[in-house]
Amino acid sequence: MKDKLMFEPIALNSQSPVIARNFDYDHFFFPWHYHDEFEILYVKEGTGTTFVADGATDFVPGTIILFGSGIPHYSKSSSLYYQNNPNYRLRGSIIQFEKEFMSHSINNYPEFRSIKNLLEQSSQGICFPPDCQNLVNQIDKTTSSQGFLRVINLLQLLFMMSQSQNCHTIGSVLFNTREQSADNNRLKKVLTYLEHHCLEEISLDEVAKIGAMNNSSFCRFFKDKTGKTLIQYIIEMRIAYACELLNNTTQDIFQISFTCGFNSISHFNKVFKRITQVTPSYYRANNPAKM
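Because the structure is a prediction, the values reported are computed rather than measured.

Chemist: Looking at this structure, how should I read the pattern of salt bridges?
Modeler: Between side chains of opposite charge, a pair can form when the charged atoms approach closely. Under the criterion given, the structure shown has four salt bridges. The salt bridge partner of Asp26 is Arg89, with a shortest N-O separation of 2.1 Å. In this pair, Asp26 is assigned in the loop between β2 (18-25) and β3 (33-34) and Arg89 in the loop between β8 (73-77) and β9 (90-97), connecting sequence segments 63 residues apart. Linked by salt bridges that have partners in common, Asp24, Asp26, Glu45, Arg89 and Arg91 make up one network.

In structure tokens:
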């Protein structure tokens, strides 16, 4: 089981608490990571294994997985999907919604009790079997809808999930997400700062100061906790944000490269391909987002 985590910032629109889109990949490529938002993954086509917290489960066409807020996860496609064979594609849908989505109602009203229990249980990751066609239909409705209807459809989906009798958790009940992903308050402060400032110029001096350490001690500390250097971590956060902009906006790639802190389009293209294995234009063309 991997023990090095990347924090993924999710570019939720300030006008909406929900992102819902379809994907079409050669294979899953995002590393072992976590984010504050809840996530629903639906695999329409493809096979492989999803690792959640300290557990794992195989996925096949029709598999649905609910990831809790902050839960580390990582999906690896079967080996066939890494051979550049056009006959093997990974297709499905991803729905992400903010940690505080409908939190007052969910935490206080009895009508939402089953959803509250579902979201609490999702801290272990929940897998729904491939025969839940009613959930698939509701995922399609959520992904294809907009605004208020998308929120309503998501609530209906969560309620339907809460009533499912055939699901199972993936990670163990003993797994402590926050301790694993942030380790201590010092790292938590640093990651929060990076989340809010990763698109800006960030110096080692200022980040080390937030961690209350000298530069050399901080570099060792950060690499030990995340498995990455500070520069690697910031670049991967920027690329993750670029992926969201490519999926969910009509901004041209030149504009996205500068928005995400890259000084030249050629450097952005090179880094993007190194991390995702595809170019930005290919990524956009093969990952149509439902706006």
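And the narrative resumes.
Chemist: Can you help me understand helix α3 (residues 133-144) in this one?
Modeler: Structural remark: α-helix, 3.6 residues per turn; residues separated by three or four positions point the same way. If you check α3, its first and last C-alpha atoms are 17 Å apart, about what twelve residues at 1.5 Å a residue would give, namely 16 Å. Every buried residue of α3 is accounted for by Leu135, Val136, Gln138, Ile139, Thr142 and Thr143. An end-on view of α3 places all buried positions within 165 degrees of arc, on one side of the element.

Chemist: Looking at this model, I keep getting lost on the sheet that holds strand β7 (residues 64-67). Mind explaining?
Modeler: The pairing of strands in a sheet comes from backbone hydrogen bonds and takes either a parallel or an antiparallel form. Spatially, the six strands line up as an open sheet ordered β2-β9-β4-β7-β10-β11, and their pairing is antiparallel. Every interior strand has two partners, whereas the edge strands, β2 and β11 (168-169), have only one. In terms of strand pairing, β7 meets strand β10 (residues 126-128) through three bridges, oriented antiparallel. In the sheet register, Ile64 faces β10, and the bridge partner there is Phe128. Those strands touched by helix α4 (residues 147-162) are β2, β4 (38-45), β7, β9 and β10, and its axis lies near 75 degrees from that of β2.

Chemist: It is not clear to me how a nonpolar patch on the surface should be interpreted in this structure. Could you clarify?
Modeler: There is a patch of nonpolar side chains on the surface, built from Phe148, Leu149 and Ile152 and spanning about 330 Å² of accessible area. Relative to the helices and strands, Phe148 is located in helix α4.

Chemist: Sorry, what's going on with the packing of helix α2 (residues 113-121) against α4 here?
Modeler: The relative placement of two packed helices is expressed as an angle between their axes plus a distance between the axes. Contact pair α2 / α4: the axes reach a minimum separation of 9 Å and the direction vectors enclose 75 degrees. By the angle between their axes, α2 is roughly perpendicular relative to α4. Contacts between α2 and α4 involve Ser114, Ile115, Leu118 and Leu119 from the former and Leu155, Leu158, Phe159, Met161 and Ser162 from the latter. A breakdown of the residues in the contact of α2 with α4 according to their chemical character gives seven nonpolar, two polar and no charged.

Conventions we followed
- Residues numbered from 1 in each chain as written.
- Predicted model: local features only at pLDDT ≥ 70, side-chain atom pairs only at ≥ 80, totals over all residues.
- Heavy atoms only, no water.
- Salt bridge = Lys/Arg side-chain N within 4 Å of Asp/Glu carboxyl O.
- Helix = DSSP H or I, 4+ residues; strand = E, 2+ residues; numbered from the N terminus.
- Expected span 1.5 Å × (residues − 1).
- Buried < 20%, exposed > 50% of the residue type's maximum accessible area, 1.4 Å probe, protein only.
- Arc of directions from axis to C-beta.
- Pairing = 2+ DSSP bridges.
- Contact = heavy atoms within 4.5 Å.
- Axes fitted to C-alpha atoms, helices over the stretch in contact; angles between N-to-C directions.
- Patch = residues over 30% accessible without salt bridge, like charges linked within 9 Å, V, L, I, M, F, W, Y side chains within 5 Å.
- Areas by Shrake-Rupley, 256 points an atom, 1.4 Å probe, with all protein chains shown as cover.
- Parallel < 35°, antiparallel > 145°, perpendicular 65-115°, else oblique.
- Nonpolar A, V, L, I, M, F, W, Y, C, P; charged D, E, K, R; others polar.

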